[in-house]
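# Architecture and fold: a report
What follows is each chain in one-letter form.
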Amino acid sequence: MHECNLEDRVAAIAAVLADRTRARMLFLMMDGRAYTATELSAATDVAPSTTSSHLNRLAAENLISYVQQGRHRYFKITNAAVANLLENMMHFAHGGYPNIARISTPQSLRIFRTCYDHMAGEIAVKIHDSLLANQWMTDNYALTSIGKEFLTSFGICCDADTSSRRIFACSCLDWSEWRFHLGGFLGASLLDTFLRKKWAVRQLDSRELNLTEAGRVIIRKMGAELIT
């Protein structure tokens with residue numbers, strides 16, 4: 001494969017993302033799950049042959065990858081960096097007007113949703129802010145000793161694999177709230193715990209998350225002001 005410069009790479013990725021159908025496929029995968037080509041074909045209302053062509057283009061630029069399960073391939077976003085790129089593009093697409101972002105985002109998604117492998121929306125922003133306000137996490141996104149003890153008490157894993165190159169915790173700009181929610185390993189660990197303990201439930205065909213009554217109790221214990 002011939003080498004190309006940074007400008008060529010940016011132009012190639014931009015060309016792939018410029019197609020509305022491919023963008024729609026990526027947005028569907030933003031819930032962190034993997035989909036078959038058949039599922040993506042039905043969701044985007046395009047022919048299977050056209051779907052395959054789109055998926056090949058996305059894979060060629062390393063925006064998606066696939067896992068083989070028997071006769072089926074399941075396609076997913078390659079990694080958190082791709083998801084962050086898409087989230088930032090959503091933010092930028094609203095043209096710098098927070099009110100437009102809030103109005104145009106469905107209420108259910110604005111309140112609580114997934115952002116690839118972590119939580120986003122109004123509830124996630126409140127959790128992020130509470131971790132900082134209560135000094136459970138520093139401004140540099142390191143857990144304090146009391147913060148680690150606090151989160152561990154809920155069964156949330158706070159020990160990132162030292163062999164992993166993934167950042168432990170970071171801010172991720174929420175495109176509908178225009179404030180930060182929590183990303184990185186810790187953000188993913190929070191989502192995993194909320195789903196595993198049934199504090200939140202995924203919607204089948206959406207990035208929407210529903211907070212359960214048990215989840216509302218946990219949110220209050222985390223010091224996050226709940227939406228009424």
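Residues numbered from 1 in each chain as written. Predicted model: local features only at pLDDT ≥ 70, side-chain atom pairs only at ≥ 80, totals over all residues. Heavy atoms only, no water.

If you tally the helices and strands in the protein, you get 11 helices and nine strands. Considering the protein as a whole, with its 228 residues, one finds that 42% of them fall into the buried category. Considering only residue pairs separated by 6 or more positions, the protein has 59% of its internal contacts joining residues 24 or more positions apart. About 12,500 Å² of surface is accessible on the protein, with carbon and sulfur atoms providing 54% of the total. (Helix = DSSP H or I, 4+ residues; strand = E, 2+ residues; numbered from the N terminus. Buried < 20%, exposed > 50% of the residue type's maximum accessible area, 1.4 Å probe, protein only. Contact = heavy atoms within 4.5 Å. Areas by Shrake-Rupley, 256 points an atom, 1.4 Å probe, with all protein chains shown as cover.)

Running from amino to carboxyl end, helix α3 (residues 37–44) crosses helix α4 (residues 48–60) at an angle of 110°, the nearest separation of the two axes being 9 Å. Classified by the angle between their axes, α3 and α4 sit roughly perpendicular to one another. For the pair α3 and α4, contact is made by A37, L40 and S41 and by P48, T51 and L55, respectively. Counted by class, the contact of α3 with α4 contains four nonpolar, two polar and no charged residues. (Axes fitted to C-alpha atoms, helices over the stretch in contact; angles between N-to-C directions. Parallel < 35°, antiparallel > 145°, perpendicular 65-115°, else oblique. Nonpolar A, V, L, I, M, F, W, Y, C, P; charged D, E, K, R; others polar.)

Before going further, it helps to examine the nonpolar core. With 29 residues, the main nonpolar core has M119, I127, L151, F194 and M222 as its most contacted residues. Mapped by element, the contributors of at least two residues to this core are α8 (122–133), α9 (145–152), α10 (184–196), β9 (209–211) and α11 (213–221). The contacts of I127, once residues within four sequence positions are left out, are M119, L190, F194, I219, M222 and A224. Listed in part, the 26 residues of the second largest apolar core include M25, L58, I64 and Y116. (Core = buried A, V, L, I, M, F, W, Y, C linked by side-chain atoms within 4.5 Å.)

Looking now at the pairing of strand β2 (residues 64–69). Examined bridge by bridge, β2 and strand β3 (residues 72–77) share six bridges and lie antiparallel to one another. Paired with S65 across the two strands is K76, which belongs to β3. Between β2 and the antiparallel strand that follows it, β3, lie two residues; G70 among them carries a positive phi value of about 65°. (Pairing = 2+ DSSP bridges.)

A few words now on the sheet that holds β3. Reading across from one edge, β1-β3-β2 is the order of the three strands in this open sheet, with antiparallel pairing throughout. Because the sheet does not close on itself, it has two edges, and the strands there are β1 (35–36) and β2.

Looking at the element boundaries, R113 is found in strand β4 (residues 113–115). Among the residues examined, R113 registers a relative accessible area of 1% and is labelled buried. Looking at R113, its side chain comes within polar contact range of the side chain of D174, at 3.1 Å. The contact partners of R113, leaving out residues within four places of it in the chain, are E87, H118, M119, A120, G121, D174, W175, S176, R207, E208 and L209. (Polar contact = N/O pair within 3.5 Å; in protein donor to acceptor, adjacent residues only side chain to side chain.)

With that out of the way, let us pick up unusual backbone geometry. Not every positive phi belongs to a glycine, and N62 is a case in point at roughly 60°. Secondary-structure assignment places N62 in the loop between α4 and β2. Given the relative accessible area of 47%, N62 is considered partly exposed. The residue W178 is not glycine, and still its phi comes out positive at about 60°. For W178, a relative accessible area of 23% puts it in the partly exposed group.

This part takes up the packing of aromatic side chains. The description of an aromatic ring pair uses the distance of the two centres, along with the angle that the planes make with each other. Evaluated as defined, the whole model comprises six aromatic pairs. With 5.9 Å between their ring centres and 50° between their planes, Y66 and F75 make a pair best called tilted. A residue is classified by how much of its surface remains accessible, and Y66, at 41% relative accessible area, is partly exposed. Residue classification places F75 among the buried residues on the basis of a relative accessible area of 10%. Taken together, a centroid distance of 5.2 Å and an interplanar angle of 85° make the contact between F194 and W199 edge-to-face. Residues F194 and W199 agree in their burial class; the two are buried. (Phe/Tyr/Trp six-rings, centres within 6.5 Å; stacked < 30°, edge-to-face > 60°.)

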